[in-house]
Structures are given as structure tokens and as C-alpha cells.
Amino acid sequence: MTPHPKGTRARVLLSSVFKPFAQDDEFGSRAINPVELYHNQVTREQGPFSLRMFHRSWNLMFLQQNISAPCTVIDFPSRNRFIRQLTTHHYDIVGLTGIIVNVGKVREMCRLIRLHSPRSVIVVGGHVTAIPGIEQMIDADHIVKGEGVAWLREFLGEDAEQPIEHPMIPSSFGFRLMGMPSLRGGGDNSATIIPSVGCPMGCNFCTTSEFFGGKGHSVTFFSRGEDLFRVMCETERRLGARAFFMMDENFLLYKRRALELLDLMKAHGKAWSLYVFSSANAIRQYDTRQLVELGIEWVWLGLESDGSGYQKLKGVDTQGLASHLQSHGIRVHGSTIIGLEHHTPENIDSEIDHAIQHETVFHQFMLYTPVPGTPLYRDVEAQGRLLQDVDLADIHGQFKFNFEHPAISREQSKTFLDRAFRLDYERNGPSLYRLIHNMLVGWRRYRHDPDARVRARVMTEARQLAMGYGGVLWAMEHYLRDTQRSMSERIRDLRLHIEGEIGGASRIIDPVVGRALLWSARREHRLHPEGRRIEPRTLIDHRNWQPA
């Protein structure tokens, strides 16, 4: 690589792709594919109870934090706002990131840079770079595949091997509940921590695993519990965070690091909550007490069926595991693939039933999808089973197959996917109800725990239950009374248990908060029966910046 001639004096602009997102347009946005993790692929069939929130482009924040050049990050710009950024400042380097479905937007942004800032060097990274032939599809000077911090440092003439500095990342923003915005973004302050990227388990459909090296590989930013603890303490100090979303594809796989972190949490009396991703076999490395003391409150867990053959599930009773974890107040976020090779129209209903019987707090369903860059894509392409007329913007696992399945048609795939979401909601109720129920389970079990840190953590949740969460239940109970009577009664029973056991001002607060939420939920459904289209606000961050 030839470094940029200005080195660390080069002015850098880093941008995500432009909005709007949740609409059908010529640049690849799709109404069915909003830029919201939960509303897109977890709670999307739960009507006004669907969780609505946005997450920052973490990769851009990492890049900005780890270079010494003057750098601006613009996250979720409109097309016109992006143009204005290019024309009101001079940038020597413009870096873009996008996922595969947004290749049309990346292409357009490259064109805009050539038009409005022709002397800028264009660098493109992110999952979009996994598309075969991407070099001929977009007009970029450099296409960076995989982890980008080392590449950008080297391009600026910096030491690519210096330690990673973690940015301060609030976990989410723009939180809305039953049509009402939250002033604080939803609940207590929480932050995102990224210890590693990639996953060595290497499932054949996994884009992130392949992007960062594939099976047997990952990129670790913080290999020791001591390093992770230092980052979390600084994040607590600066953001007030006491809950941490550990955005690591398989956090619990690295047991030594996790137990080192636990020892430091104990030594310093940290009653933190951790939300983690893990494979089933990684969880089995720990006893339940270790998980509880580590503050694990939420686990995203792959729950493919027994016939999938994935190593991460080998020999694991996933229903028993999910039930056990949730009996200790650890919410399970299940993730199930619809349309695996052994699925047929005859057995798919039993496969969906099996997933729903886990009774997880949250459940994501995704279509088995050969995404460009993955081993699955290469295998299906070699077999001649890729459908040639599917737009890249529609390859995301929440619409229809992009390949010829042995038994299920493209149209059937969407029918089965929608059915899975709908049945999970109808049988298990809104995820909000399940979440609150599990919070009560954890409080009941650990409110008298001998570890003061564990007691403090569950008491924080008890205060939430006593000061407003009952209002959420009140609204759900009344909203569902005429259409899902049995579920309404289950929700009412939970509310009464909370009011009776935890008490406080909940009996007074619940109807007041509940009536406001009920009115808002009914209005939301009346005005937006398919879900309101909302967009993230544009966010701009400067670092090492001096106006030109």
C-alpha cells in the first residue's frame, strides 16, 4: 500500500449510507427492511408492542477513535446532507461503509463524491465488499475487506499494530414504545462494548464469521479480562452505563477472559449487567452461578433444529437450556433459521413449533440465505442453484429465498417465515410481557442472594418493575382484552403479582402510565397498521478536528 501523501494531516470523512431506509426506491431501500434490528427481524409481527430503536454504525466510531488524523463521522445522513458535508468542507479521504443490500447507495455515494469532491480518495469497507465483482460495481479507489482499523492506520502512515482504543458507544437511541418516544432512549443508561469481531464456529451462512476470517478465526481487540474491565470502567464513568451489550459473536466462548472479568468485577464491587451473544456449547463451559455473578441477563442463542447439524448445538438440549437459563432470570433471545436444506412443507410446522416451544423472551427468525461472501453462497453457486433475477437489495433473510431450495418454493419461504413470527407472538405473547415476567423471576430468585452485587442488580430491576413497567402491562392487558382474552388474563395476573409483591407506588402509577400507553398504542395501530416508518436522526461527530 502507498500511504496517503498527507499522512496524519489528511482530513477524513467517514459515512454510513444515506437515508431514507424503510421505503422502496431505486437505491435499494426496501419497506420490508427497516434499519431497526428488533422491528426488522425480532418483534416485527407484534404490532404496537414491537420494540423500536436504532443503533450507531459502530465500525465508523472505531475507525475514528483509532486514528490521529482529523476525522468527521456522519451517521445516517440524508442524500442532500451528505452532499452538503462534501461541499462545505474539504476532505482528503472519504470512507463509506454499507451492508450488501445497500450496494446501490454505496454506488451513488461514490458518484456524488466524484462529482462534488473530486480530489478525495474514496475508501469503501463493510459487508458490501463481500459481493463478487464489487470492484466493477462501484467507483472506489480502495476496497477494504475485513477489519479496517489496521488498514486505515497504515494508509495514514501510522503504526497499524498499536493497541485499540474503544469508543464510547451508547447502546441505542430513538427508542419508542407503543408509539411513544422515550426521553432517555429506553430504560437505564447502557453502552455497547465490542471485545472481538467474527466467530470461529464458522456456520456456513454467517456473514460476520466469514468477513473476519471464517471458521477457526476471529479478530480480538481485547484478549484479557483486565483490558475489558478497564474499557467498561471508563464507559461507566463517561456515559453512566451500568449495563453493557457485549457485541461479540460468541462472548462466552472465551472463558478465560470472561472469568478474569468476573474476578475484577467481584474485587471492585461492580454490579454490572451483561447482554451477550453465545453458542449453546459455549454456555455449557460455565456453571449457572458463574453466569449470575458475571451479571449475564440476556443471551442471544442460536436455536436451529436438531437436523441442522451445526457443531455449536451438538449434544445440547436447547429447550432444557433455555428453560434453565430463564428460571434464573437470564433472558434468552432465540434465533432460528427457516428453510434449512432438510425443511419441507410437510415438516416445517413441527420445526417452527419446536422453536416456539423454547418460550424465549425474544425470538428472531431468518430465512436460510446464501449471502455473497459466505461458504453457503459459494456452495449453492457451484451447484447452480442461485436465482439470477434476485436483486442484491432483497438478499437479507427477511423476504424470500434467493436460491432454489430442494422442497420449498421462493413464495412459500416468505409464507413460512411470516407464520413463524406470527405464531410465536400469538402463543407466547408480546416480548415486552415476556421480558417483564422474566425480570420478576430473577428478582424472586436472587433478591436475598448472599452476593451484594447480585442483590443490587436485581433490585435495580425491581425498581423498574415498581415504577412504570406495570403501566406497560396495564396497556397490553387492555389492548388485547377483546382479541386475545387468555393472553390478556396472563398479563393481568403478572401485573397483579408485581403490584402485590414489589408494591411501591405501582398501584397508582400503573393505570396512569397504562392509559397513556393504551391510547398511544391504539392510535399507532389505527394510523400505521403495518408499523410506522421511522428514520434515525443524523448524527455528526468530530475528532482531532480544526475548521479549515
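Everything in this summary refers to the structure shown in the same document. (Residues numbered from 1 in each chain as written. Predicted model: local features only at pLDDT ≥ 70, side-chain atom pairs only at ≥ 80, totals over all residues. Heavy atoms only, no water.)

1. Concerning the overall build of the protein
Thinking step 1. Of regular secondary structure, the protein possesses 19 helices and 17 strands.
Thinking step 2. Radius of gyration (C-alpha) of the protein: 24 Å, near the 24 Å computed for a compact globule of 548 residues.
Thinking step 3. By principal-axis analysis of the C-alpha atoms, the protein measures approximately 70 × 55 × 50 Å.
Thinking step 4. Pairs at least 24 residues apart make up 75% of the contacts formed inside the protein by residues separated by at least 6 positions.
Thinking step 5. Charge-centre separation for the protein: the mean point of 66 positive side chains lies 6 Å from the mean point of 63 negative side chains. (Helix = DSSP H or I, 4+ residues; strand = E, 2+ residues; numbered from the N terminus. Rg over C-alpha atoms; globule rule 2.2 N^0.38 Å. Contact = heavy atoms within 4.5 Å. Lys, Arg positive; Asp, Glu negative; His and termini not counted. Charge placed at Lys NZ, Arg CZ, Asp CG, Glu CD.)

2. Things to note about the side chain of Gln364
Thinking step 1. With respect to the secondary-structure elements, Gln364 resides in strand E16 (residues 362-367).
Thinking step 2. We classify Gln364 as buried; its relative accessible area is 6%.
Thinking step 3. Reaching out from Gln364, the side chain makes a polar contact with the side chain of Ser335 at a distance of 2.6 Å.
Thinking step 4. With near-sequence residues (within four places) excluded, Gln364 lies in contact with Gln41, Val42, Trp300, His333, Gly334, Ser335 and Thr336. (Buried < 20%, exposed > 50% of the residue type's maximum accessible area, 1.4 Å probe, protein only. Polar contact = N/O pair within 3.5 Å; in protein donor to acceptor, adjacent residues only side chain to side chain.)

3. Observations concerning the side chain of His478
Thinking step 1. Its place among the elements puts His478 in helix H17 (residues 452-479).
Thinking step 2. Residue class for His478 comes out buried when judged on its relative accessible area of 17%.
Thinking step 3. Ignoring anything within four residues of it in the chain, the contact list for His478 reads Leu518 and Arg522.

4. Quick word on the sheet that holds strand E13 (residues 273-278)
Thinking step 1. Strand order in the open sheet formed by 6 strands is E9-E12-E13-E14-E15-E16, with parallel pairing between adjacent strands. Edge positions in the sheet fall to strand E9 (190-193) and E16, since each of these pairs with one other strand and no more. Averaged over neighbouring strand pairs, the angle between their axes works out to 15° when direction is ignored.
Thinking step 2. For strand E12 (residues 243-246) and E13, the ladder comprises 4 bridges, and the chain directions are parallel. By the bridge assignment, Phe245 is partnered in E13 with Tyr275. (Pairing = 2+ DSSP bridges. Axes fitted to C-alpha atoms, helices over the stretch in contact; angles between N-to-C directions.)

5. Comments concerning the pattern of salt bridges
Thinking step 1. Under the counting rule described, the total for this entry stands at 40 salt bridges.
Thinking step 2. Linking Arg79 and Glu108 is a salt bridge whose minimum nitrogen-to-oxygen distance equals 2.7 Å. Separated by 29 residues along the polypeptide, Arg79 in helix H3 (residues 79-88) and Glu108 in helix H4 (residues 103-116) bring together distant segments of the chain.
Thinking step 3. Under the relative-accessibility criterion, Arg79 is labelled partly exposed at 26%.
Thinking step 4. With relative accessibility at 9%, the residue Glu108 sits in the buried group.
Thinking step 5. The partner of Glu226 in a salt bridge is Arg224, and the shortest N-O contact between them spans 3.4 Å. (Salt bridge = Lys/Arg side-chain N within 4 Å of Asp/Glu carboxyl O.)

6. Details of unusual backbone geometry
Thinking step 1. A cis amide bond links Lys19 with the next residue in sequence, Pro20, at an omega value of 10°.
Thinking step 2. In this structure, Pro20 sits in the loop between strand E1 (12-15) and helix H1 (37-41).
Thinking step 3. Although it is not a glycine, Met178 sits at a positive phi angle of roughly 55°.
Thinking step 4. We classify Met178 as buried; its relative accessible area is 1%.
Thinking step 5. Of note, Glu359 is a non-glycine position whose phi angle comes to about 50°, a positive value.
Thinking step 6. Within the secondary structure, Glu359 is located in the loop between helix H13 (348-356) and E16.

7. Here's the deal with the pairing of E1
Thinking step 1. Residues Val12 and Leu14 of E1 are buried on one face, and the alternating residues Leu13 and Ser15, pointing to the opposite face, are buried as well.
Thinking step 2. Sheet topology places E1 next to strand E4 (residues 93-97); 4 bridges connect them, and they run parallel. Pairing of Leu14 across the sheet is with Gly95, part of E4.
Thinking step 3. As judged from the 4 bridges shared by E1 and strand E3 (residues 71-75), these two strands associate in the parallel manner. Within E3, the residue paired with Ser15 across the bridge is Ile74.

8. Some remarks on helix H14 (residues 375-382)
Thinking step 1. Within H14, the full set of buried residues consists of Leu376, Tyr377 and Val380. The arc enclosing the buried residues of H14, seen along the axis, measures out at 100°, which places them on a common side.
Thinking step 2. In the stretch just after H14, Gly384 is the one whose phi turns positive, near 75°. (Arc of directions from axis to C-beta.)

9. Quick look at helix H15 (residues 410-428)
Thinking step 1. The first and last C-alpha atoms of H15 sit 28 Å apart over 19 residues, in line with the 27 Å expected at 1.5 Å per residue.
Thinking step 2. Along H15, the residues that are buried comprise Ser413, Phe416, Leu417, Asp418, Ala420, Phe421, Leu423, Asp424, Tyr425 and Asn428.
Thinking step 3. Lining the buried residues of H15 we find H1, strand E15 (331-338), H13, E16, helix H16 (431-446) and helix H18 (485-501).
Thinking step 4. The first or second residue beyond H15 is Gly429, which carries a positive phi of 85°. (Expected span 1.5 Å × (residues − 1).)

10. Structural notes on the sheet that holds E3
Thinking step 1. With mixed pairing, 6 strands are arranged side by side in an open sheet as E6-E5-E4-E1-E3-E17. Only two strands of the sheet have a single neighbouring strand rather than two, namely strand E6 (142-143) and strand E17 (539-543).
Thinking step 2. Note that E4 and strand E5 (residues 121-125) share 5 bridges and pair parallel. Residue Thr97 lies in a different strand from E5, and its bridge partner there is Gly125.
Thinking step 3. Set on the sheet, helix H2 (residues 58-65) makes contact with E1, E3, E4 and E17; between it and E3 the angle comes to about 170°.
Thinking step 4. Packing of H3 onto the sheet brings it into contact with E1, E3, E4 and E17, and relative to E1 it is tilted by some 175°.

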